[in-house]
Amino acid sequence: MENKSDALLRKMLKNWVNRQHPPDSSRGRLLWDAAHISSSKIDLTLIFLHPQAKPYSSSAENDWHQKFFSWINENSIQFGIQAHII
Amino acid sequence: MSKGAEEKRVISDSELALSLQAGSLEALGVLYDRHRGLVFRTALAITGDAEAAADLMHDVFLRLHRFAAHIDPQRPLEPWLYRMTTNLSYTWVKRRQRWFRPLEDVADWLAGTHKDTPAYQAEMDDSWRQVQQAVSSLPLSHRGVVVLYYVNDLSLQEISEILDIPVGTVKSRLHYGRQALKQNLGLLAGEILPELQYEFT
């Protein structure tokens, strides 16, 4: 069972996010964009030939984990594949 | 079934997903109307930025349309939406932390629209900014769990499946995230701001 401070935290966070709403024009924009974007099949070779991850400016030599995260996350999202990085 | 009852029958997500796979934009519109709240709230809570949340919401539904063929209509749609929203929100936050933020700050400074201006301050109440800052200060992995648990009322098991992490990890992240939030918001010392406690309707 939730204690009092937990219940307060839940209420507070919900109040915070419910103060703002998406713009009214967002539905029309979505449908317009969807009508003009091809939903053709995905060519997985594109992931390797044309990677979507941006070349992050590396500030440290050992920044490989950030680059790896970005590569997996952005490519998987771009091509509609679910990847989970823990 | 009478004609009236048939007209009032709510079309299931599963049926809409099938229509979406056949290219129906109407189905996309209905799914958008039905689920935009959960997507927007989740993205807003993770990014702390309403404009970004609106863009991410647009992106999530556009991907739903584009990759409809890869969605199993027999499975609930909400976990897919939560997973896509958290993934995209994580990427947005990572990018911003890396290098967009300094560029945006410079652009704001050059344009004279820095977020410390009186207009911005007035727009965003201090108390709510405190909540936003408290959430944004959480590590990203903790933030995702806290948002799904408190804002979206998901169970530990559901969060575990959405984020593909063990339930024990969800519990651990929730514990540390919750403690940090309560400390930052004064909930541990009973200093809770009264204006944040009103009943949401």
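Residues numbered from 1 in each chain as written. Chains lettered and ligands numbered in written order. Predicted model: local features only at pLDDT ≥ 70, side-chain atom pairs only at ≥ 80, totals over all residues.

Student: Explain the packing of helix α9 (residues 156–163) of chain B against helix α10 (residues 167–184) of chain B to me, using residue names and the numbers behind them.
Tutor: All names here are of chain B. One can describe the packing of α9 onto α10 by two numbers: an axis separation of 9 Å at closest approach and a directional angle of 105 degrees. With respect to α10, the axis of α9 lies roughly perpendicular. Facing α9, whose interface residues are Leu 156, Gln 157, Ile 159 and Ser 160, α10 presents Val 167, Val 170 and Lys 171. Taken together, the residues of the contact of α9 with α10 break down into four nonpolar, two polar and one charged. (Axes fitted to C-alpha atoms, helices over the stretch in contact; angles between N-to-C directions. Helix = DSSP H or I, 4+ residues; strand = E, 2+ residues; numbered from the N terminus. Parallel < 35°, antiparallel > 145°, perpendicular 65-115°, else oblique. Contact = placed C-beta atoms within 7 Å. Nonpolar A, V, L, I, M, F, W, Y, C, P; charged D, E, K, R; others polar.)

Student: Got a sec to walk through the packing of helix α2 (residues 26–35) of chain A against helix α3 (residues 25–47) of chain B? Specific residues and values, please.
Tutor: Remark: α2(A) packs on α3(B), axes separated minimally by 10 Å, with the N-to-C direction vectors making an angle of 145 degrees. When you trace α2(A) past α3(B), the crossing you get is right-handed. For the pair α2(A) and α3(B), contact is made by Arg27(A), Leu30(A), Leu31(A), Ala34(A) and Ala35(A) and by Leu25(B), Leu28(B), Gly29(B) and Tyr32(B), respectively. (Left-handed = near helix turned anticlockwise from the far one by under 90°.)

Student: I'd love a proper account of the domain arrangement of chain B, names of residues and values included.
Tutor: Residue and element names in this part refer to chain B. Assigned domains of chain B: these are domain 1 (12–100) and domain 2 (115–186). Of note, the centres of domain 1 and domain 2, computed from C-alpha atoms alone, are 20 Å apart. Listed as interface residues are twelve residues of domain 1 and, on the opposing side, 13 residues of domain 2. Of all the secondary structure elements, the ones that give two or more residues to the side of domain 1 that touches domain 2 are α3 and α5 (78–111). When its residues are assigned to classes, the side of domain 1 that touches domain 2 shows seven nonpolar, three polar and two charged. (Domains from an automatic or database assignment.)

Student: Before we move on, could you go through the nonpolar core and cite the residues and values that matter?
Tutor: Nonpolar side chains tend to gather and get buried jointly when the protein is soluble and globular. Grouped together as the largest cluster of nonpolar side chains are 55 residues, with contacts concentrated most on Leu13(A), Ala43(B), Ala45(B), Met57(B), Val60(B), Leu148(B) and Ile159(B). With ten residues, the single largest contributor to this core is α3(B). A domain-level breakdown of this core finds at least three residues from each of domain 1 (12–100) and domain 2 (115–186) of chain B. (Core = buried A, V, L, I, M, F, W, Y, C linked by C-beta atoms within 7 Å. Buried ≥ 20, exposed ≤ 12 C-beta atoms within 10 Å, placed from the backbone.)

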